[in-house]
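Working through the structure, step by step
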Amino acid sequence: MTMADQSNMEEGMSVDMLERALLGQANWVHVQETVKLLLLSMAQIELTLTDGDYNVTGLGQQFTDMASHLRQVNLHLAQQPDTPTDIIRHGISLETEIDKGVVAFQFYDRLSQRLQHVVTGLALTEELLCDEEQRLMVEAWEKIQQQIKTTYSLECERKMFDLVLQGTPLHEALALYRDEHLYRKDDIELF
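This report concerns the structure included in the present document. Because the structure is a prediction, the values reported are computed rather than measured. (Residues numbered from 1 in each chain as written. Predicted model: local features only at pLDDT ≥ 70, side-chain atom pairs only at ≥ 80, totals over all residues. Heavy atoms only, no water.)

1. Description of the overall build of the chain
- Looking only at helices and strands, the chain has six helices and zero strands in total.
- Helices (α) and strands (β) of the chain occur, in sequence order from the N terminus, as α-α-α-α-α-α.
- Sequence-distant contacts, at least 24 apart, represent 64% of the contacts inside the chain between residues at least 6 apart.
- Counting every atom, the chain has about 13,500 Å² of accessible surface; 59% of that belongs to carbon and sulfur. (Helix = DSSP H or I, 4+ residues; strand = E, 2+ residues; numbered from the N terminus. Contact = heavy atoms within 4.5 Å. Areas by Shrake-Rupley, 256 points an atom, 1.4 Å probe, with all protein chains shown as cover.)

2. Section: the pattern of salt bridges
- A full pass over the atoms with the stated rule returns nine salt bridges.
- Several salt bridges converge on common partners, so that one network encompasses Arg71, Glu95 and Asp99. (Salt bridge = Lys/Arg side-chain N within 4 Å of Asp/Glu carboxyl O.)

3. Some details on the layout of surface pockets
- If you add up the space inside the largest pocket, you get close to 520 Å³.
- If you go around the largest pocket, you meet 17 residues; those closest to its centre are Val118, Tyr152, Glu157, Met160 and Phe161.
- For the lining of the largest pocket, the secondary structure elements donating two or more residues are helix H3 (85-129), helix H4 (138-151), helix H5 (155-165) and helix H6 (170-181).
- Residues of the lining of the largest pocket, tallied by class, amount to twelve nonpolar, three polar and two charged. (1 Å grid on protein atoms, 1.4 Å probe; cavity = no way out; pocket = protein on both sides within 12 Å on 5 of 7 lines; lining within 4 Å. Points joined across faces, edges and corners; volume = space filled by probe spheres on them. Nonpolar A, V, L, I, M, F, W, Y, C, P; charged D, E, K, R; others polar.)

4. Some thoughts on empty space enclosed by the protein
- Scanning all chains against the criterion turns up one cavity of 30 Å³ or more.
- Considering only enclosed or pocket space, the largest cavity measures out at about 60 Å³ in volume.
- Lining the largest cavity are Cys156, Lys159, Met160, Leu163, Ala173, Leu176, Tyr177, Glu180 and His181.
- Sorting the residues of the lining of the largest cavity by element identifies H5 and H6 as the ones contributing at least two each.
- Residue contributions to the lining of the largest cavity peak at five residues, all from H6.
- A breakdown of the residues in the lining of the largest cavity according to their chemical character gives six nonpolar, one polar and two charged.

5. What to know about the nonpolar core
- Counting nine residues, the largest nonpolar core consists of Val31, Val35, Leu38, Met42, Ile45, Leu49, Val119, Leu122 and Leu129.
- Elements with a contribution of two residues or more to this core: helix H2 (15-79) and H3.
- The element contributing the most residues to this core is H2, with six residues.
- Every residue in contact with Val31, bar those within four places of it in the chain, is listed here: Leu129 and Arg135.
- Grouped together as the second largest cluster of nonpolar side chains are seven residues, Leu128, Ala140, Ile148 and Tyr152 included. (Core = buried A, V, L, I, M, F, W, Y, C linked by side-chain atoms within 4.5 Å. Buried < 20%, exposed > 50% of the residue type's maximum accessible area, 1.4 Å probe, protein only.)

Geometric descriptors of this kind do not, in isolation, establish any biological role.
See below:
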């Protein structure tokens, strides 16, 4: 027995009690470090969203406005008897390409919303991990899972959530999503 063990024994603390105390402290350090990494991840996502919103929001509106103005020009040109058909065809082609750009901005909007969901989930997790009592309670974890799920506006997000929490391996859940949604053109919506 070392002198430290002897000293602890004399103060009424057994080696087992000391081990438990130190392991508890080690677990707390582990939780603190996990929380720091969660906060760092949240900050990175928030900065990405801020940078993206600043640059993309205005550009998306400009594309929408250009598409609207081009439709007006195309309608006007189509009504003129002397407009060459090549001009009308190029105008329609340009309008189609601008519409594709608007759809791309809609995808960015969805991406931003999903990243915001990640930030929300990380914030709720961080809050729970910092509460020494709550983080050990199953009910507390179930509560934040439901809070996270209610932030999802798309059915595919809720389905992914359910699959992952039911224990489906992530690669399988992602493959299901890709099979059902990746190449669909009809599920785009602005948030």
